[in-house]
Amino acid sequence: ARSRDFDGVRVVVSAGGTREPLDPVRFLGNRSSGRQGIALAEAARDRGADVTLVAANLDVQPPQGMRVVPASTASELREIMHAESRDAGVVIMAAAVADYRPDTVSEGKIKKEDRGDTLQLTLVRNPDILRGLVEARANNQIIVGFAAETERNPDAFLDLGRAKVRRKGSDLLVLNRVGWTEGFATSGNEVVVLDTRGDIVGEASGSKRDVADRILDAIIRRQR
Ligand code: C5P
């Protein structure tokens, strides 16, 4: 029998990738499929949690047995995450959030006939949602961030994760390597889980579901 160690715990998971509109038909996006976040939501559901999946432009169908709230842009995602996290025991930011958005959204289609051979875009920084959730955190809430890095040197890779978890202040950070053929849009994954001090508290590789269960194990260990 599966363990029900998340019985009665409200878990909010963001998954997918944000899209930042340029005009009514175009956006800036990323290659996150939402699969790792979905695997986490499913694993939490199967371990007894009351799950809300905040779904940003998923490549795949959201699972059954959970509440699904759609969000497309970083600013929508931020608003929904704050509202949903208020009474959650565990908040997991698995979504790939755009760091920048176009400074203006054109009301009509941007037309090459008007713009000529080059088109300049000005982008502005998006707020860090994870950081904001940490600042608004209620007592005993566990907040988990993700870091997708392309760094290939193992020590430098870990250092990036350590610096990131310190910057964000989350309780845990799931560090995973991404590239053209790793991480995003694939079925397997390989991660290291860091605590808020940057110590390694878990490691997992395998299917995204196996990795999800190991991440939940690390969350449960934190709760005790
Ligand atoms: O800084 P970086 O984008 O690598 O951080 C990744 C983590 O921070 C992920 O958990 C992601 O969901 C979150 N994030 C966020 N808001 C942003 C950028 C990233 O919440 N604007």
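Our structure is the block above this text.
Owing to the predicted nature of the structure, the values given are computational and were not obtained by experimental measurement.

Novice: What should I look at first to understand the side chain of Asp-171 in this one?
Specialist: Within the secondary structure, Asp-171 sits in the loop between α5 (154-168) and β10 (172-177). On the basis of relative accessible area, Asp-171 is assigned to the buried category, the value being 10%. At a separation of 2.6 Å, a polar atom in the side chain of Asp-171 contacts the side chain of Arg-137. At a separation of 2.8 Å, a polar atom in the side chain of Asp-171 contacts the main-chain amide nitrogen of Ile-143. When near neighbours in sequence (up to four residues on either side) are disregarded, Asp-171 contacts Arg-137, Gln-141, Ile-142, Ile-143, Leu-194, Asp-195, Thr-196 and Arg-222.

Novice: Can you help me understand the site of the ligand in this one?
Specialist: In the vicinity of the ligand, the contacting residues are Met-93, Ala-95, Val-97, Asp-99, Pro-127, Asp-128, Ile-129, Leu-130, Gly-145, Phe-146, Lys-164 and Lys-168. Pro-127 is positioned such that a nitrogen or oxygen atom in its backbone is 2.9 Å from a nitrogen atom of the ligand. Protein chains shield 88% of the accessible area of the ligand, which is 440 Å² for the free molecule. Elements that contribute at least two residues to the shell around the ligand include exactly α4 (129-135), β9 (142-149) and α5. When its residues are assigned to classes, the shell around the ligand shows seven nonpolar, one polar and four charged.

The rules behind each value
Residues numbered from 1 in each chain as written. Predicted model: local features only at pLDDT ≥ 70, side-chain atom pairs only at ≥ 80, totals over all residues. Heavy atoms only, no water. Helix = DSSP H or I, 4+ residues; strand = E, 2+ residues; numbered from the N terminus. Buried < 20%, exposed > 50% of the residue type's maximum accessible area, 1.4 Å probe, protein only. Polar contact = N/O pair within 3.5 Å; in protein donor to acceptor, adjacent residues only side chain to side chain. Contact = heavy atoms within 4.5 Å. Near = heavy atom within 4 Å. Areas by Shrake-Rupley, 256 points an atom, 1.4 Å probe, with all protein chains shown as cover. Nonpolar A, V, L, I, M, F, W, Y, C, P; charged D, E, K, R; others polar.

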